[in-house]
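Geometric and topological summary
So you can see what is in the structure, the chains are spelled out below.
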Amino acid sequence: MKTYLVTGGAGFIGSNFIIYMLDKYDDVKIINVDALTYAGNLENLKSVENNPNYSFVQADIRDDKAISEIFAETQIDYVINFAAESHVDRSISNPDIFVKTNVLGTVNLLNNAKKAWSIGDDQYRDGVKYLQVSTDEVYGALGDEGFFMETTPLDPHSPYSASKASSDLFVKAYHDTYKFPINITRCSNNYGPFQFPEKLIPLIMNNTLSHKDLPVYGDGMQIRDWLYVDDHCKAIDMVIRGGVDGEVYNVGGHNERPNIFIVKTIIEYIKENVDSEVGEHMIKYVTDRKGHDRRYGIDPQKIKDALGWYPETCFEVGIKKTLKWYLDNQEWVKNVTSGEYQHYYDKMYAGK
Ligand code: NAD
Ligand code: DAU
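Further remarks concern the layout of surface pockets. For the second largest pocket, the calculated volume is near 430 Å³. Residue lining of the second largest pocket: 19 residues in total, with Asp 89, Arg 90, Ser 93, Tyr 344 and Met 348 positioned closest to the centre. Elements that contribute at least two residues to the lining of the second largest pocket include exactly helix H3 (88-93), helix H4 (96-117) and helix H12 (340-349). Broken down by element, the residue count for the lining of the second largest pocket peaks at five residues, all from H12. Looking at the lining of the second largest pocket residue by residue, the classes come out as six nonpolar, four polar and nine charged.

Contacts to ligand 1 come from 28 residues, most closely from Ile 13, Asp 34, Ser 86, Tyr 160 and Lys 164. The contact in question runs from an oxygen atom of ligand 1 to an N or O atom on the backbone of Phe 12, over 3.1 Å. A distance of 2.6 Å separates an oxygen atom of ligand 1 from a polar atom in the side chain of Ser 86. About the coverage of ligand 1: the protein hides 96% of its 840 Å² of free accessible area. Here the shell around ligand 1 gets three residues from one element, more than from any other, and that element is strand E7 (residues 129-135). Broken down by class, the residue content of the shell around ligand 1 amounts to 14 nonpolar, eleven polar and three charged.

Our next topic: the site of ligand 2. The local shell around ligand 2 holds 22 residues, among which Asp 136, Tyr 160, Arg 289, His 292 and Tyr 349 are the closest. Here an oxygen atom of ligand 2 and a side-chain polar atom of Arg 224 are 2.8 Å apart. When ligand 2 sits alone it has 690 Å² of accessible area, and the protein chains cover 95% of it. Contributions of two or more residues to the shell around ligand 2 are made by helix H6 (200-209) and strand E10 (214-217). By residue number, the principal contributor to the shell around ligand 2 is E10, which donates three residues. Of the residues contributing to the shell around ligand 2, the split by class is nine nonpolar, seven polar and six charged.

The subject of this paragraph is the nonpolar core. Tyr 4, Ile 30 and Ile 80 are the most contacted members of the largest nonpolar core, which totals 70 residues. Other than its neighbours up to four places away in sequence, Ile 30 contacts Tyr 4, Val 6, Ile 18, Met 21, Leu 22, Asn 53, Tyr 54 and Ser 55. With 32 residues, the next largest nonpolar core counts Ala 59, Val 128, Leu 142 and Tyr 174 among its residues.

Looking now at the packing of helix H2 (residues 64-73) against H4. Taken N-terminus to C-terminus, the directions of H2 and H4 make an angle of 30°; their axes are 10 Å apart at the nearest point. Here H2 is positioned roughly parallel relative to H4, judged by the angle of their axes. Handedness of the crossing formed by H2 with H4: right-handed. Contact with H2, carried on its side by Asp 64, Ile 67, Ser 68 and Phe 71, involves Asn 108, Leu 109, Asn 112, Ala 113, Ala 116 and Trp 117 of H4 and no other residues of that element. Partitioning the contact of H2 with H4 into residue classes produces six nonpolar, three polar and one charged.

Let us now look at the sheet that holds strand E2 (residues 28-34). The sheet built from seven strands is open, its strands ordered E3-E2-E1-E4-E7-E8-E12 with parallel pairing. The sheet is open, and its two borders are formed by strand E3 (54-58) and strand E12 (248-251), each paired with just one other strand. The average angle at which neighbouring strand axes cross in this sheet is 20°, direction not considered. Here H2 sits on the sheet in contact with strand E1 (2-7), E2, E3 and strand E4 (78-81), set at roughly 165° to E2.

Okay, the pattern of salt bridges next. If you walk through the whole model with that rule in mind, you get 20 salt bridges. With its nearest N and O atoms 3.2 Å apart, the salt bridge here joins Glu 69 to Lys 65. With Glu 69 and Lys 65 both in helix H2 and four residues apart, the pair spans about one turn of that helix. Beyond isolated ion pairs, a larger network of salt bridges with shared partners links Arg 90, Glu 198, Lys 199 and Glu 340.

With that out of the way, let us pick up unusual backbone geometry. Phi is positive for Phe 194, which is not a glycine, with a value near 70°. Counting through the fold element by element, Phe 194 comes out in the loop between strand E9 (189-191) and H6. By relative accessible area, Phe 194 is classed as buried at 14%. A positive phi is found at His 211, a non-glycine position, where the angle reads about 55°. One can find His 211 in the loop between H6 and E10. Among the residues examined, His 211 registers a relative accessible area of 45% and is labelled partly exposed.

Calculation rules
Residues numbered from 1 in each chain as written. Chains lettered and ligands numbered in written order. Predicted model: local features only at pLDDT ≥ 70, side-chain atom pairs only at ≥ 80, totals over all residues. Heavy atoms only, no water. 1 Å grid on protein atoms, 1.4 Å probe; cavity = no way out; pocket = protein on both sides within 12 Å on 5 of 7 lines; lining within 4 Å. Points joined across faces, edges and corners; volume = space filled by probe spheres on them. Helix = DSSP H or I, 4+ residues; strand = E, 2+ residues; numbered from the N terminus. Nonpolar A, V, L, I, M, F, W, Y, C, P; charged D, E, K, R; others polar. Near = heavy atom within 4 Å. Polar contact = N/O pair within 3.5 Å; in protein donor to acceptor, adjacent residues only side chain to side chain. Areas by Shrake-Rupley, 256 points an atom, 1.4 Å probe, with all protein chains shown as cover. Core = buried A, V, L, I, M, F, W, Y, C linked by side-chain atoms within 4.5 Å. Buried < 20%, exposed > 50% of the residue type's maximum accessible area, 1.4 Å probe, protein only. Contact = heavy atoms within 4.5 Å. Axes fitted to C-alpha atoms, helices over the stretch in contact; angles between N-to-C directions. Parallel < 35°, antiparallel > 145°, perpendicular 65-115°, else oblique. Left-handed = near helix turned anticlockwise from the far one by under 90°. Pairing = 2+ DSSP bridges. Salt bridge = Lys/Arg side-chain N within 4 Å of Asp/Glu carboxyl O.

Shown next as structure tokens:
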């Protein structure tokens, strides 16, 4: 039995990861540590909450006492750090919390894991590992050609990506300085169930269903490389089990699409399946995001060659599955879009 300390497990990718792992393995224990910020939602984990191999601790990853107590009480084998402030637009209006959570929180986790796993000077218990869940945004932006490789220099532009690049560098520094066992994964844009509707796909889905404007930043020709969330979960599982100590693995499925294509795909799906009144007339081109990265594209060859990873869900199938999930889970959408979300939405999109 291996015990995973999963942070941020009540967020979008974290909760999908926990469900994926508990579904796949009987010999895995998961402790989910999440502060339950606006983005964390225990409703996501209803299907596993009574699983004897799952437990939840509400704590902030910056809280040294809370994190050290978890390590003192349980022998942890792996730490997977999903916990983060994850939304680029929020980082533009309020960068400070991104430094606190993403940088200081990561360093607190590293310190606690290092202390708990240490068996001598720069030596650690066998089989332990810290995995930092990072993003392709640390590489900056691409022009029309080329892809991000693990060797691409870090060149973050937004406060969000700067905070993620900083945390990656701390993880690397702990490996280089203390021989602390780590991997870093850098994934492209995820989509799937439980994504908070501040992000493009669930936001456009929700607005289309409620006949609101569909805000497209700038000319809508920015390109993102979309990956179904379970394929990201599979990659993390494989890196934990087979990743070479100290290595970075890029994760992406060569699914590059301009934002306007995503928006039109969602409109078409709702028009066909739910409401014939919706249409492209609802699209509203609004002021561009400051410092908006033009194109992301991952080269996933390293993880394919080294670990045999490949994406299983193609975009055409994944997007339909995702949009159907949101239609079937309107109660979930209603719960997460009440309260704080309304304030955020009104402030973010007012005057655009
Ligand atoms: P999310 O915003 O949906 O979830 C973040 C989770 O972290 C929430 O449950 C929140 O409550 C928790 N959290 C925030 N601050 C915390 C703190 N101080 N202590 C403990 N918990 C805290 O994010 P997501 O989209 O699921 O992303 C998860 C991770 O994956 C992030 O590190 C993000 O940078 C990375 N990532 C995301 C994507 C993507 O497309 N969403 C792609 C690549 C990498
Ligand atoms: O690339 C991985 C990253 O993907 C992750 O590290 C981040 O945590 C995650 O949030 C995501 O970042 P993006 O900024 O790419 O995702 P977002 O859904 O916010 O936006 C996707 C694209 O759509 C982006 O080019 C901005 C645009 N957009 C977004 C919103 C919310 C719009 O045009 N209109 C919108 O209302």
